[in-house]
Amino acid sequence: MRIDIITVLPELLKSPFEASILKRAIDADLVEVHLHNLRDYTTDNYKSVDDYQYGGGAGMVMMIEPIDKCISKLKSERPYDEIIYMTPDGERLNQNIANQISLKENIMILCGHYKGVDQRVRDHFITKEISIGDYVLSGGELGAAVLCDAVIRLIPGVLGNETSALTDSFQDNLLAPPIYTRPREYKGMAVPEVLFSGNFPKIEKWREEQALKRTQDRRPDLLNE
Ligand code: ADE
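What comes next is a walk through the structure. (Residues numbered from 1 in each chain as written. Predicted model: local features only at pLDDT ≥ 70, side-chain atom pairs only at ≥ 80, totals over all residues. Heavy atoms only, no water.)

## Here we look at the overall build of the protein
Turning to step 1, where the next piece is worked out: In terms of regular secondary structure, the protein is built from eight helices and nine strands.
Turning to step 2, where the next piece is worked out: Against the globule reference of 17 Å for 225 residues, the protein gives a C-alpha radius of gyration of 22 Å, more extended than a compact globule.
Turning to step 3, where the next piece is worked out: Once the C-alpha set of the protein is aligned to its principal axes, its extents read approximately 70 × 40 × 35 Å.
Turning to step 4, where the next piece is worked out: The buried share among the 225 residues of the protein stands at 39%.
Turning to step 5, where the next piece is worked out: Residue pairs in contact within the protein that sit at least 24 positions apart in sequence constitute 75% of those at least 6 positions apart. (Helix = DSSP H or I, 4+ residues; strand = E, 2+ residues; numbered from the N terminus. Rg over C-alpha atoms; globule rule 2.2 N^0.38 Å. Buried < 20%, exposed > 50% of the residue type's maximum accessible area, 1.4 Å probe, protein only. Contact = heavy atoms within 4.5 Å.)

## A look at helix α3 (residues 64-77)
In an α-helix there are 3.6 residues to a turn, and that puts residues three or four apart on one side.
Turning to step 1, where the next piece is worked out: The terminal C-alpha atoms of α3 lie 20 Å apart, and with 14 residues this matches the ideal 20 Å at 1.5 Å per residue to within 8%.
Turning to step 2, where the next piece is worked out: Every buried residue belonging to α3 is among P66, I67, C70, I71 and L74, and all of these are buried. Considered in projection along α3, the buried side chains sweep an arc of 120° and stay on one side of the axis.
Turning to step 3, where the next piece is worked out: Close packing links the buried residues of α3 with β1 (2-7), β2 (32-37), β4 (60-62), β5 (82-92), β6 (106-111) and α5 (119-124). (Expected span 1.5 Å × (residues − 1). Arc of directions from axis to C-beta.)

## Considering the packing of helix α4 (residues 95-102) against helix α6 (residues 141-152)
Turning to step 1, where the next piece is worked out: Where α4 meets α6, the closest approach of the two axes is 8 Å, and the angle between their N-to-C directions is 70°. Of the possible angle classes, the one that applies to α4 and α6 is roughly perpendicular. Contacts between α4 and α6 involve A98, I101 and S102 from the first element and L147, A150 and V151 from the second.
Turning to step 2, where the next piece is worked out: Taken together, the residues that form the contact of α4 with α6 break down as five nonpolar, one polar and no charged. (Axes fitted to C-alpha atoms, helices over the stretch in contact; angles between N-to-C directions. Parallel < 35°, antiparallel > 145°, perpendicular 65-115°, else oblique. Nonpolar A, V, L, I, M, F, W, Y, C, P; charged D, E, K, R; others polar.)

## A few points about the sheet that holds β2
Turning to step 1, where the next piece is worked out: If you walk across this open sheet you meet the five strands as β2-β1-β6-β5-β7, and the pairing is parallel. At either margin of the open sheet sits one strand with a lone partner, and together these are β2 and β7 (128-131). The average undirected angle you get between the axes of adjacent strands in this sheet is 30°.
Turning to step 2, where the next piece is worked out: Pairing analysis gives five bridges linking β5 to β7, with the strands arranged parallel. Considered in β7, the bridge of M86 is made with I130. (Pairing = 2+ DSSP bridges.)

## Things to note about the side chain of T87
Turning to step 1, where the next piece is worked out: Along the chain, T87 turns up in strand β5.
Turning to step 2, where the next piece is worked out: Classification of T87 by relative accessible area gives buried; the value is 8%.
Turning to step 3, where the next piece is worked out: Those residues in contact with T87 that lie beyond four places of it in its chain are R122, E129, I130 and S131.

## Observations concerning a nonpolar patch on the surface
Turning to step 1, where the next piece is worked out: Together, L12, Y135, L137 and L142 line one region of the surface with nonpolar side chains, adding up to about 360 Å² of accessible area.
Turning to step 2, where the next piece is worked out: Tracing the backbone shows Y135 in the loop between β7 and α6.
Turning to step 3, where the next piece is worked out: Owing to a relative accessible area of 44%, Y135 belongs among the partly exposed residues under this scheme. (Patch = residues over 30% accessible without salt bridge, like charges linked within 9 Å, V, L, I, M, F, W, Y side chains within 5 Å. Areas by Shrake-Rupley, 256 points an atom, 1.4 Å probe, with all protein chains shown as cover. Salt bridge = Lys/Arg side-chain N within 4 Å of Asp/Glu carboxyl O.)

Shape is all these values report; function is a separate question.
Structure follows, in C-alpha cells:
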C-alpha cells in the first residue's frame, strides 16, 4: 500500500511514522508513506495556500490551485483508489472504514487547515471525506495520523501476531474482553479463576460473555449496528 499525504505542516506528521509499528511496517516495505508540502505547489512569492472567503466571513479558505497542482501531479504518476479529505463534517471514522481502506493499493489524504478548502476541491477531486470524531482540530494532520495508524496496522504482516487485529475491540462490533497477565494475585487482587482452567472452549465462552457485557454496559449503540 502507498499513502500520499498533502499538508501545509509536514513536520507535524513525521514522528508518527518514525516510531513503533508504523515505522516497522514502512521498514518492512509493507507500506510507503510520502508527505507532500502544499507550499511547494504555490505560484506566488509568498507561497500562499489560503485566501479570504468570498461573501465575507471570518477565517481563511485553502485555495484550489495549489491543491489541484499537487493532486494532478500525483494522479499523473499512478492511479488512486481513494482521495480522502480530513474534515470534521466527514463520515465518522470507525473500524469498518479502516478495514475497507486497508484493502486499497494507493490512497491520497488531503489535510485541511483554517476554515477548510474551497468547496470545488471537495466537489471535483475528493472521493471520500473522513472525520475522526465530533470535535474540531486545528488541522487535518492529527486526523490523518490517526487514520493511517488505524489502517496500517490492519495490513497483513504488520502486526506480529497475525490474529491480534481480529480480536481487537470493534472487529465484530463488540468491545474487547478484560485481559490479565502475571502475577496471578497482586495485593489481594486476583485474576479470574476460569483463565487457569485449561479448558479453552470454556475460556472462549467466558471471553465472549465478558465482551458482550462490556459492550452492553459501555456502548449499547454498537449492538444495534
Ligand atoms: N480537521 C479538523 N477537525 C477534524 C476532525 N475532527 N477530523 C478530521 N479532520 C479534522
